[in-house]
Structures are given as C-alpha cells and as structure tokens.
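# Structural overview
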Amino acid sequence: MAKVSMTVNGKAASADVEGRTLLVSFLREELGLTGVHVGCDTSQCGACVVHVDGKAVKSCTMLALEAEGSEVATIEGQAAEDGSLNTIQAAFQEHHGLQCGFCTPGMVMSAAALLKDNPKPSEQEIRTYLEGNLCRCTGYHNIVKSIMAASGQDVSALAAE
C-alpha cells in the first residue's frame, strides 16, 4: 500500500491505495465520486474522463499514484457553488445533449477541455474532438449542438435530427 494525495474538486484528498489502483477506482471507491463512470476499462468510451492538472484524461487508464500532488476535477466539481449548472451542463440540458446520461459526465468534461483550448470550435472540430467518447443513445447531433451553444455560437442553423 502507498499513500496518494491530490486535490479533487478543490479539496484535499488522500488515501492508502495499492499500486495498481486506477484513478477511476480511487475517485469512485475512496472518494465516492460516482459521476466518474466505468464503461469499458480499455480507454475506448470516454465515460471516465476527468481533468488532471487541467488536461482531459481517461481515468480508467491512469494509476491513482500517477495523480500524486495533482489537481483533479470531476463532473461533481463542475456546478457552481450554489449547485446551479455551469454553462456546458445547462447547454446539454437545454439542447437535449443527453438521453440515458451514462456518457454525459465524460462528454461534459471533454467539452470543457475542448472549449478551454478552442473557445469557438466548428461542428467538425467538435465531432473530431469527441471521437474518444462513445454515446449509444443520441447519435451525437444534440451533443455537438450543446457544445456549440455552450461556446456562445448560434445553433439555429443546425438541422434537427
């Protein structure tokens, strides 16, 4: 066992973990942050995306010990202090960017990373960026529309699907 310490959603967190403990397991099992989903365990689906030191990572392929001393952000830390939705979450709600909701935390976290680096992405740039995130319900159209809306772009020209 080894002690791992990091800051998660602005709060100090530490625990003793086995060296093989994945970051997703640490977040879910040690910290109770179950918004971080495990969908595939192979880095294919993106349901486990979190931010580590400001970069989007798939937490199912990162060891908890690799995040030692890092700033980690999960979906639970995205809402405002009063619990209201942030801009991306509100856009997903308004534009029906979710259906069953399983992929939504990873999509929102990926969208936040994209918009940080590219504040006004095109539809194609969004689709390309989301290639590592799978959704089996929505067909992606409303997810893309939600991200464009969150970036402040006019989405009325996007055809309805």
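Per an unreviewed UniProt entry, the protein chain carries the name 2Fe-2S iron-sulfur cluster binding domain-containing protein and comes from Parasedimentitalea huanghaiensis.

### Comments concerning the nonpolar core
Ranked by size, the top nonpolar core spans 24 residues in total, and within it Ile88, Phe92, Met107, Ile126, Ile143 and Ile147 carry the most contacts. Listing elements by their share of this core, those giving two or more residues are helix 2 (87-94), helix 3 (104-117) and helix 5 (141-150). Considering each element in turn, this core owes the most residues, seven residues, to helix 3. Counting residues domain by domain, this core receives three or more from each of domain 1 (2-77) and domain 2 (87-150). Discounting chain neighbours no more than four positions away, the residues touching Ile147 are Phe92, Ala111, Leu114, Leu115, Ile126 and Leu130.

### Section: unusual backbone geometry
Of note in the backbone geometry, Asn9 takes a positive phi value of approximately 55 degrees without being a glycine. Structurally, Asn9 can be placed in the loop between strand 1 (2-8) and strand 2 (11-17). For His96, which is not glycine, the phi torsion reads 55 degrees and is therefore positive. Residue position: His96 is located in the loop between helix 2 and helix 3. With relative accessibility at 54%, the residue His96 sits in the exposed group.

### Observations regarding the pairing of strand 4 (residues 55-58)
As defined by bridge partners, strand 3 (residues 49-52) adjoins strand 4 across four bridges and the pair is classed as antiparallel. Paired with Val49 across the two strands is Lys58, which belongs to strand 4. If you look at the hairpin formed by strand 3 and strand 4, you'll find two residues sitting between the two strands, and Asp53 has a positive phi there, around 50 degrees.

### Quick look at the pattern of salt bridges
Enumeration over the complete set of coordinates arrives at two salt bridges. In this structure, the salt-bridge partner of Glu18 is Arg20, at a minimum N-O distance of 2.7 Å. Its relative accessible area of 65% is what places Arg20 among the exposed residues. With its nearest N and O atoms 3.2 Å apart, the salt bridge here joins Arg127 to Glu123.

### Some words on the packing of helix 2 against helix 3
Close contact between helix 2 and helix 3 brings their axes to 10 Å; oriented N to C, the two are set at 125 degrees. As summarised for this structure, helix 2 and helix 3 are arranged oblique, according to the angle between their axes. The way helix 2 lies across helix 3 gives a crossing that is right-handed. Contacts between helix 2 and helix 3 involve Ile88, Gln89 and Phe92 from the former and Thr104, Met107, Val108, Ala111, Ala112 and Leu115 from the latter.

Rules used throughout
- Residues numbered from 1 in each chain as written.
- Predicted model: local features only at pLDDT ≥ 70, side-chain atom pairs only at ≥ 80, totals over all residues.
- Heavy atoms only, no water.
- Core = buried A, V, L, I, M, F, W, Y, C linked by side-chain atoms within 4.5 Å.
- Buried < 20%, exposed > 50% of the residue type's maximum accessible area, 1.4 Å probe, protein only.
- Helix = DSSP H or I, 4+ residues; strand = E, 2+ residues; numbered from the N terminus.
- Domains from an automatic or database assignment.
- Contact = heavy atoms within 4.5 Å.
- Pairing = 2+ DSSP bridges.
- Salt bridge = Lys/Arg side-chain N within 4 Å of Asp/Glu carboxyl O.
- Axes fitted to C-alpha atoms, helices over the stretch in contact; angles between N-to-C directions.
- Parallel < 35°, antiparallel > 145°, perpendicular 65-115°, else oblique.
- Left-handed = near helix turned anticlockwise from the far one by under 90°.

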